[in-house]
Amino acid sequence: MSIEFTDINKNLPNGENMGGINQKVYFGFHADVASWPTKPVNPLTLEANATLTGDLTMKTGKRMFELYITDDTGEFNIETVGEVDAKSFVQHLNFFHPGLQKKILGFMNAAKNDNLVFIVVDAEGQKYLMGDSMRPATYQGAPDGNGTGKETAARKGMSAEFTYKTANNHVYGGSIPLTESVSG
Amino acid sequence: MWTKYFKMIGIRRGRVITPRHGEIDFSRDDISIEICQQLYEEDFPYLAITEEGKKELYGAEPDLVVSESDPVFEHLPPAEENPDELKTSIPIKRKYKK
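Described in the following lines is the structure provided in the data block. Owing to the predicted nature of the structure, the values given are computational and were not obtained by experimental measurement.

What follows concerns the overall build of chain A. A tally of regular secondary structure across chain A gives one helix and 12 strands. When the helices and strands of chain A are placed in sequence order, the string is β-β-β-β-β-β-α-β-β-β-β-β-β. The globule rule puts the C-alpha radius of gyration for 184 residues at 16 Å, and the 18 Å found for chain A is close to it. In terms of principal-axis extent, the alpha carbons of chain A reach across some 60 × 45 × 40 Å. Going through the 184 residues of chain A one by one, you find that 25% of them count as buried. Restricting to contacts in chain A with at least 6 residues of sequence separation, those with at least 24 account for 71%.

Laid out in structure tokens, this is it:
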């Protein structure tokens, strides 16, 4: 059986359709993930075709972490790429973290050349998992700069962009463990 | 207290962003049992139910204890050790001479 098309109507539960993402994004090392949610296999509906099943779980002693971002600076963006008959997507996460504290500097030092996974939550609570068993999210640069700014009224801090290449876009419905995994 | 009916598995007791209830700090003792039950029923991977939870929340009887029952078959007496009575479909040949 193949996927069945259905009508796609205006569907905004409670009239909600705010933009932007939450003020926290969740991240971890790609290598620390123990198991990934599964992508749809022969889905019969459009919704099933965009839904991941199961939870992301971490290896023993590992966990996901949260990162604060300044309000209205975070954006999750889906770019379509590829030639005809070879289309795919690049998901972009952009954000700004205030301040130049050692923690955020250390994070950028560690993240810039490593493989990560991010979970982004939009304003309606819908979650997007950037990373799968094959591909990580990787650092691309600082779209809004890093540093102190020039004026005293300038915004001091770190901006960052991470991308994840994927054949399809999915919604993640699982949990995010912010506490260490244990064996057994 | 929720820990009477459920126990955490796979992670230490602490914070988890749950699918429908947002962030829950499982190190707290005052989490609603209804929320835990909902999570459990929605295949939340980090909660297992206790025997008491099965009984209280689902009316399940405790696991049956297997006891020794009467033998179904009668035990036969052991065969007498008499090599002369051994029979096979192929005659046994003595391989080595004494």
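Looking only at helices and strands, chain B has two helices and four strands in total. In chain B, the succession of α and β elements from N to C terminus is β-β-β-α-β-α. With 98 residues in all, chain B has 14% of them scored as buried. Sequence separation of at least 24 residues holds for 58% of the intrachain contacts in chain B that already meet a minimum separation of 6.

Right, let's get into the sheet that holds strand S2 (residues 15-18) of chain B. In spatial order, the strands read S12(A)-S2(B)-S3(B); together these three strands make up an open sheet with antiparallel pairing. Sheet topology places strand S12 (176-177) of chain A together with strand S3 (22-25) of chain B at the edges, where each strand pairs with a single neighbour. Alignment of S2(B) against S3(B), held across four bridges, turns out to be antiparallel. Bridge pairing links Ile17(B) to Glu23(B) in S3(B).

All names here are of chain A. Across the sheet, four strands lie side by side as S4-S1-S7-S8; this open sheet has antiparallel pairing. The open sheet has two edge strands with one neighbour each: strand S4 (65-68) and strand S8 (127-130). On average, each strand axis in the sheet is tilted by 25 degrees relative to the strand beside it, whichever way the strands run. Two elements, strand S1 (residues 24-29) and S4, share four bridges in a ladder whose sense is antiparallel. Considered in S4, the bridge of Phe-27 is made with Phe-65.

What follows covers the interface of chain A and chain B. Contacts between the two partners involve 12 residues from chain A and, on the opposite side, 11 residues from chain B. For the side of chain A that touches chain B, a count of residues per class yields four nonpolar, six polar and two charged.

Turning our eyes to something else, we now look at the nonpolar core. Burial of nonpolar side chains together is a common tendency in soluble globular proteins. Residues and elements named next belong to chain A. One finds Val-25, Phe-118, Ile-119, Val-120 and Met-130 to be the most contacted residues of the largest nonpolar core, which totals 40 residues. In terms of residue count, strand S7 (residues 116-121) provides more of this core than any other element does, six residues in total. Those residues in contact with Val-120 that sit more than four places away from it in its chain are Ile-21, Val-25, Phe-76, Leu-93, Lys-127, Tyr-128 and Met-130.

On to the environment of Ala142(A), then. Residues and elements named next belong to chain A. By the secondary structure assignment, Ala-142 is in the loop between strand S9 (138-141) and strand S10 (146-147). By the C-beta count within 10 Å, which is 16 here, Ala-142 ends up partly exposed. With sequence-adjacent residues up to four places away left out, Ala-142 is seen in contact with Met-158, Ser-159 and Ala-160.

Residues and elements named next belong to chain A. The phi dihedral of Asn-42 is positive, around 45 degrees, even though this residue is not glycine. Tracing the backbone through its elements, the reader meets Asn-42 in the loop between strand S2 (33-35) and strand S3 (57-58). Positive phi outside glycine occurs at Asp-85, with the angle close to 70 degrees.

Basis of the calculations
- Residues numbered from 1 in each chain as written.
- Chains lettered and ligands numbered in written order.
- Predicted model: local features only at pLDDT ≥ 70, side-chain atom pairs only at ≥ 80, totals over all residues.
- Helix = DSSP H or I, 4+ residues; strand = E, 2+ residues; numbered from the N terminus.
- Rg over C-alpha atoms; globule rule 2.2 N^0.38 Å.
- Buried ≥ 20, exposed ≤ 12 C-beta atoms within 10 Å, placed from the backbone.
- Contact = placed C-beta atoms within 7 Å.
- Pairing = 2+ DSSP bridges.
- Axes fitted to C-alpha atoms, helices over the stretch in contact; angles between N-to-C directions.
- Nonpolar A, V, L, I, M, F, W, Y, C, P; charged D, E, K, R; others polar.
- Core = buried A, V, L, I, M, F, W, Y, C linked by C-beta atoms within 7 Å.

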